[in-house]
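# Descriptive analysis of the structure
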Amino acid sequence: MLSLFLFVIHSYSRNLIHDEPGKFRLILICWKPGHYNAIHDHNGSDCYFKVLQGRVREIQFQKQSQKSDKEYDEGEVCYLESLNLSHQMSNPDSETIAVTLHLYIPPFDTCHIYDPNGQQIEEVVLSYASEHGEPLYDDCHQLL
């Protein structure tokens, strides 16, 4: 699986491992030190994730208020239900990378981005740094 640990220079990277249309999608996310994603939902999909390396922070939101703020260590598994929840994930460490494996049921191609007050800013189409181990951009590289 090491060939799937691809990073991009400017952001965290989403790497598509497997897509079973209408059933599930498996994604490996690589987080450089201090990187984070926007507050977002999963557009009706449930999400399970496991920390494969490092540590990640997850802040969950429900409507316009923060519901929880937790950190997960290597080996821990988390579940995010789809009902009225959004969240933001990050690598809180300033020196080491983190890698998480995400299972989305059912798969989704767009999500909604929110501001910290719970107001929807935009709907975005999801993209990947790699698909099935093949880089999609010139700035993809391995750090491991």
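If you're wondering where the values come from, they're calculated on a predicted model, not measured in any experiment.

Another aspect to go through is the environment of Asn43. In this fold, Asn43 is placed in the loop between β4 (39-40) and β5 (46-53). Separated by 42 residues in sequence, Asn43 and Leu85 place their C-alpha atoms 9.6 Å apart. Leaving out residues up to four positions away in the same chain, Asn43 has contacts with Phe108, Thr110, Cys111, His112 and Glu123. Looking at Asn43, its side chain comes within polar contact range of the side chain of Thr110, at 2.9 Å.

Per the UniProt record, "binding site: Fe cation" (unreviewed entry) is found at His40, His42 and His87. A compact arrangement is adopted by the annotated residues: their sequence extent is 48 residues, whereas the largest C-alpha distance between any two is 9.0 Å. Of the residues named above, His40 and His42 line the second largest pocket. Tracing the sequence through the fold places His40 in strand β4. According to the relative accessible area criterion, His40 is buried, its value standing at 10%. When residues no more than four places from it in sequence are discounted, the contact partners of His40 are Ser86, His87, Cys111, His112, Ile113 and Tyr114. In this structure the side chain of His40 is engaged in a polar contact, spanning 3.4 Å, whose partner is the side chain of His42. Along the chain, the position of His87 falls in strand β9 (residues 85-90). Residue class for His87 comes out buried when judged on its relative accessible area of 1%. For His87, the contacting residues outside a window of four places in its chain are Ala38, Ile39, His40, His42, Glu58, Ile59, Gln60, Phe61 and Leu80.

Turning our eyes to something else, we now look at the layout of surface pockets. Taken as a whole, the second largest pocket spans an internal volume of roughly 180 Å³. If you trace the second largest pocket, you find 17 residues lining it, with Asp41, Asn84, Leu85, Ser86 and Tyr114 closest to the centre. Going through the elements one at a time, β6 (55-62) and β9 are the ones with two or more residues in the lining of the second largest pocket.

Pairing between side chains of opposite charge can happen when their charged atoms approach one another. For the structure on display, the rule yields five salt bridges. For Arg25, the salt bridge is made with Asp19, and the minimal N-O distance between the two is 3.1 Å. Judged by its relative accessible area of 26%, Asp19 falls in the partly exposed class. Note that Asp69 and Arg57 form a salt bridge whose closest N and O atoms lie 2.5 Å from each other. On the criterion of sequence distance, the pair formed by Asp69 in strand β7 (residues 65-73) and Arg57 in strand β6 is long-range, its members being 12 residues apart. When its relative accessible area of 36% is taken as the criterion, Asp69 is described as partly exposed. Take Arg57: its relative accessible area is 29%, and that puts it in the partly exposed class.

Scoring rules and cut-offs
Residues numbered from 1 in each chain as written. Predicted model: local features only at pLDDT ≥ 70, side-chain atom pairs only at ≥ 80, totals over all residues. Heavy atoms only, no water. Helix = DSSP H or I, 4+ residues; strand = E, 2+ residues; numbered from the N terminus. Contact = heavy atoms within 4.5 Å. Polar contact = N/O pair within 3.5 Å; in protein donor to acceptor, adjacent residues only side chain to side chain. UniProt positions renumbered as here; feature names shortened; annotations may be inferred. 1 Å grid on protein atoms, 1.4 Å probe; cavity = no way out; pocket = protein on both sides within 12 Å on 5 of 7 lines; lining within 4 Å. Buried < 20%, exposed > 50% of the residue type's maximum accessible area, 1.4 Å probe, protein only. Points joined across faces, edges and corners; volume = space filled by probe spheres on them. Salt bridge = Lys/Arg side-chain N within 4 Å of Asp/Glu carboxyl O.

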